[in-house]
Amino acid sequence: MTTATVNTHRDPRDRHPLLEQLSQLWRNKTAVLGLVIITIFISAALSAPWISPHNPIETSLYDQLKPPVWHDKGTWAHILGTDELGRDLLSRIIYGARVSLIVAVISVGLAFTLGTLLGCISGYYKGLIDGIIMRVMDMILAFPYLLLAIVVVAYLGPSLQNAMMAIGITYVPRFARIVRGSVLEECEKDYVIAARAVGANDGRIIFLSILPNCLGPLIVQTTLSMASAVLDAAALSFLGLGAQPPTPEWGAMIARSRSLILRASWVMTFPGVAILLAVLGFNLLGDGLRDALDPRLRD
Amino acid sequence: MLAYIARRFLILIPTLLGVSVIVFLLLHLTPGDPAELLLGERATPDALEQMREHLGLNEPIHVQYGMFLKRLMKGDLGETIWTRQKVWIEVKQRFPATIELSVAALFISCFFGIILGIVSATKQYSIFDYASMLGALAGVSMPIFWLALVFMLIFSLNLGWLPMSGRLSVGVELKTITNFYILDAVLTGNGKALKDVLWHLIMPAVTLSTIPMAIVARMTRSAMLDVLRQDYIKTARAKGLSRVQVIFKHALRNALIPVVTTIGLQFGVMLGGAILTETIFAWPGVGKWMYDAVMQRDYMVIQGGVLFIATLFVVINLCVDVLYAVINPRISVR
């Protein structure tokens, strides 16, 4: 009965505050630019088998080191040219978007899940368990970025899975800290006390009452972490610790092209541009989201 | 103040202990036998047993950690697997190269970052502001290992202006005293070597400075914008002081407080980024050494190097915190 009354009095133009804030994003031109870039990369990744002109790992003896199309000797068959094994660069870059985005989603997903869980426990239960969790987070943060990931992969052995795991682990503290802070703040508010008064259990209070109110900073952190995950994964693969051949991964492609730098600079150039654009896209969107969702986080 | 510093140093102890635990666990919880990991697959059973004994692998794990810690306290980071050198001595040899590179990169990033930030803030919403902030965002998003190769292609291979790798050209004599080549060249009054050293330093340092420079520029801009909105800036202008005077004397001093923290943190980040830069430019520092160790699976070097860099990182962060308290009178250091 009560809900019905509430509903009839509700202004239809009233939207969830999060949606309200997100609609501000459209007014931010740079954020929209970021969104466009990311959308292009995601579409390329999803439709890779249909839009790639060639098989990304198929080698061709006759097509080694063909220059890009605008070059004198370039052909439309290989728009961005080919590498030293005659593989089509455009196709490899399109498939590379797949690899990079999957790596970013999985590693950030891992960090998000673990970090949010730990942050919730820390902020909600406080006391000793909070102390322990946050000290462990401090320890992870005591390692310079990338170094810890490199070391973890060094011990586990070089592979894309291990690189994802290593990146995920190093990103956990960022999420844990943000969630803990928000949960600590929200715990003091009346609605939490009300939820407790009506007898909701801890899990319900944390995940259904508190967490939705901490979403803003979490979304921002997720987007910015996607940017650094793409970058770090490429760096690990460049060092030979991530994707292994013949996987079309941007960082690994750059590493292989080092010896060709004078003869065929395009083999090195395009994967780098792809990394730069993808990371820039996530950073642009993340900055815009931060302005829209979480003014406190502005640097 | 002293009490604050002392307390911060006390907090350092559990953090460093934690770092040692992580480094210890990395080797000992990795699947497989650490002795075999250290000696390689083709080690004889005798050698393996000796190594196990030496590492105390037959003891319970907490006893092993105790032994590990005891050795650390004595400054014993063990021996490298391949060259049988003391890890600590190798670190000391390579450390100056890394510091020289990082300090140069830090200098470049601060100088240009702060100038870009100030100009952007004073000309907010101008084309220059948009361009430099988009540039800064591109800088933050830069895969520096790629940028390094692009620099090499342009400035070494095509234009031939800068040397491609290393710290010193073959044939240039330099008597090393401190292993900081710039300092050594100055101390021995060796002008030719100094020029050569600086020439070698430019590309790696600029590469390494890219991301920190962008971060410093963004930070300076937003800090300046915050400060420029304050009333005392209006007062200073109303008093009849020139714009330049107000910006540099009144605004910048306050705006720099948060920037200093950022810069300090970037120094630590650079120690990590140095692995990429040093590897590409064959810069004989700790970063390249660690990379080589990873490739050769020299776990003693990895362990020692990580401990060393992490300790340095934690100590630098502590210094930044203390410095922050010193330069910011608004923070009470109870």
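A brief structural summary. Please read all numbers here as calculations on a predicted model, not as lab measurements.

1. Thoughts on the nonpolar core
Working step 1: The biggest cluster of nonpolar side chains holds 170 residues, and the ones touching the most others in it are Ile150, Ala163, Val230 and Ile275 of chain A.
Working step 2: With 17 residues, helix α9 (residues 191-228) of chain B is the single largest residue contributor to this core.
Working step 3: Excluding its chain neighbours within four sequence positions, the residues that come into contact with Ile150 of chain A are Leu236, Leu239 and Leu241 of chain A together with Ile275 and Val294 of chain B.

2. As for unusual backbone geometry
Working step 1: In the segment running from Pro245 of chain A into Pro246 of chain A, the intervening peptide bond is cis, with an omega of 5 degrees.
Working step 2: Take Pro246 of chain A: it is sitting in the loop between α11 (215-238) and α12 (250-256).
Working step 3: In the Ramachandran plot, Lys126 of chain A falls in the positive-phi region, its phi being about 50 degrees despite a non-glycine side chain.
Working step 4: Secondary-structure assignment places Lys126 of chain A in the loop between α5 (89-125) and α6 (127-141).
Working step 5: The exposure class assigned to Lys126 of chain A is partly exposed, which follows from the 14 C-beta atoms found within 10 Å.
Working step 6: The backbone phi angle of Tyr125 of chain B is positive, close to 65 degrees, even though this residue is not glycine.
Working step 7: Mapped onto the secondary structure, Tyr125 of chain B falls in the loop between α5 (87-122) and α6 (127-140).
Working step 8: On the basis of neighbour counts, which here come to 8 C-beta atoms within 10 Å, the residue Tyr125 of chain B falls in the exposed class.

3. Re the interface of chain A and chain B
Working step 1: Between chain A and chain B, the residue contacts involve 34 residues of the former and 38 residues of the latter.
Working step 2: Here the side of chain A that touches chain B gets nine residues from one element, more than from any other, and that element is helix α13 (residues 265-293) of chain A.
Working step 3: Grouping the amino acids of the side of chain A that touches chain B by side-chain chemistry returns 26 nonpolar, three polar and five charged.

4. With respect to the environment of Arg177 of chain A
All names here are of chain A.
Working step 1: Relative to the elements of secondary structure, Arg177 occurs in helix α8 (residues 160-187).
Working step 2: According to the C-beta neighbour criterion, Arg177 is buried, with 20 such atoms within 10 Å.
Working step 3: Through-space distance from the C-alpha of Arg177 to that of Gly119 is 6.2 Å; in sequence the pair is 58 residues apart.
Working step 4: Residues contacting Arg177, with those up to four places away along its chain left out, are Gly119 and Met137.

5. A word on the packing of α6 of chain A against α8 of chain A
Residues and elements named next belong to chain A.
Working step 1: It is the contact of α6 with α8, at a shortest axis distance of 9 Å, that shows an interaxial angle of 135 degrees. Judged on the interaxial angle alone, α8 and α6 are oblique. Helix-helix and strand crossings are classified by hand; for α6 and α8 the assignment is left-handed. Across the interface between the two elements, Ile133, Met137, Ile140 and Leu141 of α6 pack against Thr170, Val172, Pro173, Ala176 and Arg177 of α8.
Working step 2: When the residues that make up the contact of α6 with α8 are grouped by side-chain class, the tally is seven nonpolar, one polar and one charged.

Analysis parameters
- Residues numbered from 1 in each chain as written.
- Chains lettered and ligands numbered in written order.
- Predicted model: local features only at pLDDT ≥ 70, side-chain atom pairs only at ≥ 80, totals over all residues.
- Core = buried A, V, L, I, M, F, W, Y, C linked by C-beta atoms within 7 Å.
- Buried ≥ 20, exposed ≤ 12 C-beta atoms within 10 Å, placed from the backbone.
- Helix = DSSP H or I, 4+ residues; strand = E, 2+ residues; numbered from the N terminus.
- Contact = placed C-beta atoms within 7 Å.
- Nonpolar A, V, L, I, M, F, W, Y, C, P; charged D, E, K, R; others polar.
- Axes fitted to C-alpha atoms, helices over the stretch in contact; angles between N-to-C directions.
- Parallel < 35°, antiparallel > 145°, perpendicular 65-115°, else oblique.
- Left-handed = near helix turned anticlockwise from the far one by under 90°.

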